[in-house]
Amino acid sequence: MRVPVILCVDVEPDPRRLDPERPEPWRGYEASIEALEGWRLRLADATGAPVHYSWFLRMDPQIEVAYGSPAWAAEKYPEVAAEFRALGDEIGLHVHACRWDEAERTWVVDHGDARWVDHCLDVGFEAFKGSVGFACRSFRFGDRFMSPEALAWLERHDCRFELTPEPGSLPTLSLEPSERSTGSIPDWRRVDGAPSRRESGLTVIPLTTGWLPRSWFPDSRLARWKRRVRRYLDPGFDDWHPHATLDLARPARHCRFLVEQALAALDRPFLAAVVRTSTAAHPARRAEMDATLAALATHPRARDFVFTTPGEAMELLS
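My aim in this report is to walk through the structure given alongside it, one point at a time. (Residues numbered from 1 in each chain as written. Predicted model: local features only at pLDDT ≥ 70, side-chain atom pairs only at ≥ 80, totals over all residues. Heavy atoms only, no water.)

The subject of this paragraph is the side chain of His-52. Tracing the backbone shows His-52 in the loop between helix H1 (27–47) and strand S2 (54–58). Engagement of the side chain of His-52 in a polar contact is seen with the side chain of Glu-312, the distance being 3.1 Å. Sequence-distant contacts of His-52, defined by excluding residues within four places in its chain, comprise Arg-40, Leu-87, Gly-88, Asp-89, Phe-307, Thr-308, Thr-309 and Glu-312. (Helix = DSSP H or I, 4+ residues; strand = E, 2+ residues; numbered from the N terminus. Polar contact = N/O pair within 3.5 Å; in protein donor to acceptor, adjacent residues only side chain to side chain. Contact = heavy atoms within 4.5 Å.)

Structural data, given as structure tokens:
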């Protein structure tokens, strides 16, 4: 049985906090192109199938404020998207809902304003089509955010694949408590780990997630506090284990553990991993990414793996 592997590459600036007066080059994007191209042939040899990645280009008002255009990534590297498409890769869109507060000279993660979220989607989809040359089919929201209104927006605009959900993740006000934010990150605990197709034709594909051994983590004061919070939010859960997403910046042994869980848990197994382009520019994280990809290339089921696009993955699973 072939096992689709969707590798989502979030193409975005290296720092999270952007300085509009001194925007930094996207060195991580350049490093990611080099790194993943180096892995393409090796993974193809290991799996016996062509390797297709899924690149999600960051385009939204924050990029426009910091770099002068929401489509900066496509305009700065105009030949890259064409080369990826020629190789069979997916080119998708990645959007964050960050708003610049001129009075405070700071960014606000504005998930609580549905009109602002719609505006971010408007800007992203228009910039994507204008710069890449075709309408967005595959989408990932930043910061694990999604709302019913945003999902309906995607359906109205004929998006075909949505790859934001991280099953098992707790609701929270913000992924970065030090940042100003509105709204909240949704509760993903009841989300099924399998893809689901909506009546509109939009297919929601969750990232691969799972639970890691508690013994791998120190029993710190923060860890004990998190366990108390989890039991409060979910009284039916009688024990606590660290929840994790298959992010290639994580320690490689974490990723290997998550892969084995996913292969064992699903009737029709698939893997959906994510990696941010900043990972390739960080030596320690780059080493973990390489170790995880090496583990997939040498996995006992490597000949079953197919690194493929969301659309191709759904065809295999069907």
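Another aspect to go through is the pairing of strand S6 (residues 138–141). Here S6 shows a buried face lined by Ser-138 and Arg-140 and a second buried face lined by Phe-139 and Phe-141. The sheet contact formed by strand S3 (residues 90–95) and S6 spans three bridges and is parallel. Residue pairing in the sheet places His-94 in a bridge with Arg-140 of S6. Here two bridges tie S6 to strand S7 (residues 161–162), and the two strands are oriented parallel to one another. Its bridge partner lying in S7, Phe-139 is registered against Glu-162. Handedness of the crossover joining S6 and S7 through helix H6 (residues 148–156) is recorded here as right-handed. (Buried < 20%, exposed > 50% of the residue type's maximum accessible area, 1.4 Å probe, protein only. Pairing = 2+ DSSP bridges. Right-handed = clockwise from strand over helix to strand, strands pointing away.)

Moving on, we come to the side chain of Asp-247. Residue position: Asp-247 is located in the loop between strand S12 (243–245) and helix H8 (252–265). Those residues in contact with Asp-247, other than ones at most four positions away along the chain, are Cys-255, Val-274, Val-275 and Arg-276.

Time to look at the sheet that holds strand S5 (residues 106–110). Neighbouring strands of a sheet are bound in pairs by backbone hydrogen bonds; such pairs are parallel or else antiparallel. Here three strands make up an open sheet; going across it, the order is S4-S5-S8 and the pairing mixed. In this open sheet, the two edge strands, each paired with only one partner strand, are strand S4 (98–101) and strand S8 (180–182). For this sheet, the mean inter-axis angle between neighbouring strands, taken without regard to orientation, is 30°. Pairing of S5 with S8 involves three bridges; the strand directions are parallel. When the sheet's bridge partners are listed, Asp-110 is paired in S8 with Thr-182. (Axes fitted to C-alpha atoms, helices over the stretch in contact; angles between N-to-C directions.)

So, on to the nonpolar core. Counting residues in each nonpolar core, the largest one holds 77 residues, and the members touching the most others are Trp-26, Tyr-29, Trp-55, Met-59, Phe-139, Phe-141 and Leu-154. Here the element with the most residues in this core is helix H5 (residues 114–132); it accounts for eight residues. If we ignore the near neighbours within four places in the chain, the residues touching Trp-26 are Val-11, Glu-12, Pro-13, Asp-14, Arg-58, Ile-63, Tyr-67, Trp-72, Ala-73 and Tyr-77. (Core = buried A, V, L, I, M, F, W, Y, C linked by side-chain atoms within 4.5 Å.)

Another point: empty space enclosed by the protein. Summed over all chains, the structure comprises one cavity of 30 Å³ or more. In this structure, the largest cavity occupies an estimated 50 Å³ of space. Contributions of two or more residues to the lining of the largest cavity are made by strand S1 (3–11), strand S13 (271–276) and helix H9 (283–297). Taken together, the residues that form the lining of the largest cavity break down as 10 nonpolar, no polar and no charged. (1 Å grid on protein atoms, 1.4 Å probe; cavity = no way out; pocket = protein on both sides within 12 Å on 5 of 7 lines; lining within 4 Å. Points joined across faces, edges and corners; volume = space filled by probe spheres on them. Nonpolar A, V, L, I, M, F, W, Y, C, P; charged D, E, K, R; others polar.)

Its boundaries defined by the atoms lining it, the second largest pocket holds a volume of some 290 Å³. In terms of lining, the second largest pocket is formed by 17 residues, of which the most central are Pro-167, Gly-193, Thr-209, Ala-265 and Leu-266. Where the lining of the second largest pocket is concerned, the elements lending two or more residues are strand S11 (209–211) and H8. In terms of residue class, the lining of the second largest pocket is made up of eight nonpolar, seven polar and two charged.

Moving on to the pattern of salt bridges. Evaluated as defined, the whole model comprises 17 salt bridges. With a shortest N-O distance of 2.7 Å, Arg-16 and Asp-143 are connected by a salt bridge. Taken together, the residues span a long stretch of sequence, with Arg-16 in the loop between S1 and H1 and Asp-143 in the loop between S6 and H6 at a distance of 127 residues. Among the ionic pairs, Arg-198 bridges to Glu-155, the shortest N-O distance being 2.8 Å. (Salt bridge = Lys/Arg side-chain N within 4 Å of Asp/Glu carboxyl O.)

What follows is about H6. Residues of H6 that are buried: Ala-150, Leu-151, Trp-153, Leu-154 and Glu-155. Looking one or two residues past H6, Asp-158 carries a phi angle of roughly 60°, positive in sign.

Turning to the environment of Trp-216, a few remarks are in order. Within the fold, Trp-216 resides in the loop between S11 and helix H7 (221–233). The class of Trp-216 is partly exposed, set by a relative accessible area of 24%. Between the alpha carbons of Trp-216 and Pro-242 there is a distance of 9.1 Å; along the sequence they are 26 residues apart. In contact with Trp-216, other than residues within four places in its own chain, are Arg-253, His-254 and Phe-257.

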